[in-house]
Amino acid sequence: MRMLQSIQSFVNNYFVVVDHEETATHELQRQVEASYSKKVLLQKENNFYDVRLSDNNPAYLLCATISFDDDIDKVYVRLTESECLVVLDKHREIIGYISAAELCQHLYNNYLQLNAFIDTILDTTDESCTVVDRDKNVVTWTKGAEQLFSVKQKNIIGRPITEFFNRDRLEILSALEKGTSVRHQQHKAKENQVVLINSNPVYFKKEIIGAVVSETDITSQIRLNKELYNASEKLFNLEKEVTKLTASEDPFQNIRGNSPVLNKTIDKIKKAASTDASILIHGESGVGKELFAKAAHNVREDKEAPFVAINCGAIPSPLFESEIFGYEKGAFSGADQKGKKGKAQLAKGGTLFLDEIGEMPLEMQVKMLRLLQEKKFYPVGGTKEIEVDFRVIAATNKDLQELVKENKFRADLYYRLNVVSMEIPPLRKRPADIIELTHYFLHEISIKYNRPVDGISQDIMQALLRHYWPGNTRELKNVIERLVVFSEDGEIKLDELPFEFDTTRTSSNTSQFEINHNDNRSLSDRLQDVEKNILLNELEKANGNKLQCAKNLNITRATLYNRFKKLGIT
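Thresholds, definitions, all that
Residues numbered from 1 in each chain as written. Predicted model: local features only at pLDDT ≥ 70, side-chain atom pairs only at ≥ 80, totals over all residues. Heavy atoms only, no water. 1 Å grid on protein atoms, 1.4 Å probe; cavity = no way out; pocket = protein on both sides within 12 Å on 5 of 7 lines; lining within 4 Å. Points joined across faces, edges and corners; volume = space filled by probe spheres on them. Helix = DSSP H or I, 4+ residues; strand = E, 2+ residues; numbered from the N terminus. Nonpolar A, V, L, I, M, F, W, Y, C, P; charged D, E, K, R; others polar. Buried < 20%, exposed > 50% of the residue type's maximum accessible area, 1.4 Å probe, protein only. Patch = residues over 30% accessible without salt bridge, like charges linked within 9 Å, V, L, I, M, F, W, Y side chains within 5 Å. Areas by Shrake-Rupley, 256 points an atom, 1.4 Å probe, with all protein chains shown as cover. Salt bridge = Lys/Arg side-chain N within 4 Å of Asp/Glu carboxyl O. Polar contact = N/O pair within 3.5 Å; in protein donor to acceptor, adjacent residues only side chain to side chain. Contact = heavy atoms within 4.5 Å. Axes fitted to C-alpha atoms, helices over the stretch in contact; angles between N-to-C directions. Parallel < 35°, antiparallel > 145°, perpendicular 65-115°, else oblique. Left-handed = near helix turned anticlockwise from the far one by under 90°.

A.B. asks: Whenever I open this one, the layout of surface pockets confuses me. Can you help?
C.D. replies: Using a probe with the size of a water molecule, rolled over the atoms, empty space left in the structure can be pinpointed. Approximately 440 Å³ is the volume attributed to the second largest pocket. Taken together, 18 residues make up the lining of the second largest pocket; nearest its centre are H282, G283, E284, E423 and K551. Mapped by element, the contributors of at least two residues to the lining of the second largest pocket are α14 (400-405), β19 (420-423) and α21 (546-552). In the lining of the second largest pocket, the residues fall into three nonpolar, eight polar and seven charged.

This is how it looks when you write it as structure tokens:
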């Protein structure tokens, strides 16, 4: 490790900065005399300074020149050739000197400081961290390692790690002997204990001089995941029973709203849902993508067909494979002795809903592609291939095409999922639905909290209509719930809205385009004012996002910029 990247700090801390070369020469002479306790004669020849010690035995002190921003390698080489270095600034003027003794002292101080930082970091972390040298001797053993492996630091430091652990369970030796690295790999550290492990070899001048490993105990997480799975399975069976009792003729009945853009979306999904085609649902967070997916499932499947949902963004990467494919008994420590069925097997004969598909780890995307293409898979730890048949519906709030360009999502999986693509319109693009949903949530939540509400004022409704709704339907429901919670005597208050709004614009008595009967301007000038108000209003609704503003107005961004320029909008 480079202890010092440049000698700038020496210049700032040890050298007197002078303006003229003549003055600098005298100052340099004074500093050298003070350092060597001798009178000197300083002369400059060919960019070198010969410092003559003027005592009874004249001698010369050769000082080479360096720049103030030279790195430590160059400083070291020059000091092997000279007894001290004259430091020049970017204008090639003298700003001081440095000797080998001073450099050693500074490097030694930095070394001590660096060790202090490293020791404090290792003492602070709760993780298990182990470092061995090239002879497999332990040089670092954190408190986390003590707790995880029940071996005291004083007993293991300086001794070979193979004295304490079986070689077959030491991933750190692979890093040391083969130069291999692993990250987030599930590893059986000892009986009934599973850890997530990261390991790397330590290189110095292209040679391995040691290895580092860090470990996180996930045994309890595996157990909790098993309990969560059992609870999810019970909930899944309960949902099936509830669906049988509450099934209606129209699967989309639970989707509230009657705007043209929403109805058009529902019609398209109905057509696609009646086929075997994979459906990819795009939509912002909170628009109800899973609600649409369930409705699409119910269009085609019978009452007994399972609908299995998995949130790809909520599962830790190391547990993803066992969650999708399940595992055989004894596949790893903490595993259920009976084994576990994966989501793919549970979805047999029905629909597998992959929510937040853009969050799926890259290493899982290859296996998922094979599953979708062949409808076959091996459980973790299994040797028998399982065949399943299900329809896939995926959903995302990300631009998958952009992720493909950034190599964060596989193109082949994207094209496999994107047979039929559906866009769920955000709430701000269907303002008529805001009114219907507001009254529906108001009724539902007032019953839930036993707080009758008389109604909603025009001012509050206008504020709701003008809000951008980045959280969509979910955000609207939360806002209405807040209004009901803080209501008094059946009245909900405008100042309880959790977002900013313009009261002058939400007043029911104020028109955005008031008519001035005394305006004698031409029709063209008056229409420009109206257009300007429309653009400013839409720009505010889009929170200043010009691209979104142009989309809302159904014009190109170039057209929007041209209108801004013509109307003087900055």
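Alright, that's what it looks like, and here's the rest.
A.B. asks: Can you walk me through helix α7 (residues 171-178) in this structure?
C.D. replies: Quick reminder: α-helices carry 3.6 residues per turn. Residues three or four places apart thus point the same way. Most of α7 sits out of view: six of its eight residues are buried. For α7, the full list of buried residues reads E171, I172, L173, S174, A175 and L176. Where α7 ends, the next residue or the one after it, G179, has phi of about 75 degrees, a positive value.

A.B. asks: Sorry if this is basic, but what is going on with a nonpolar patch on the surface here?
C.D. replies: Residues Y108, Y111 and L112 make up a contiguous nonpolar surface patch of roughly 310 Å² in combined accessible area. As for its placement among the helices and strands, L112 is situated in helix α4 (residues 100-124). Judged by relative accessible area, which is 40%, L112 ranks as partly exposed.

A.B. asks: I tried to follow the side chain of H467 on my own but got confused; where do I start?
C.D. replies: Here H467 is to be found in the loop between α17 (458-466) and α18 (472-485). A distance of 3.0 Å separates a polar atom in the side chain of H467 from a polar atom in the side chain of E475. Once residues lying within four places of it in the same chain are set aside, the contact partners of H467 are E475 and F499.

A.B. asks: Looking at this model, I keep getting lost on the packing of helix α16 (residues 431-448) against α18. Mind explaining?
C.D. replies: How two helices sit against one another is set out by the angle between their axes and by the gap between those axes. Direction vectors running N to C along α16 and α18 enclose 45 degrees, while the axes themselves pass 9 Å from each other. Taken together, the axes of α16 and α18 are oblique relative to one another. Where α16 crosses over α18, the two elements pack in a sense that is right-handed. In this structure, α16 uses I434, L437, T438, F441, L442, E444, I445, S446 and K448 to contact α18, whose residues at the interface are T473, L476, K477, I480, E481 and V484. Within the contact of α16 with α18, the residues separate by chemical class into eight nonpolar, three polar and four charged.

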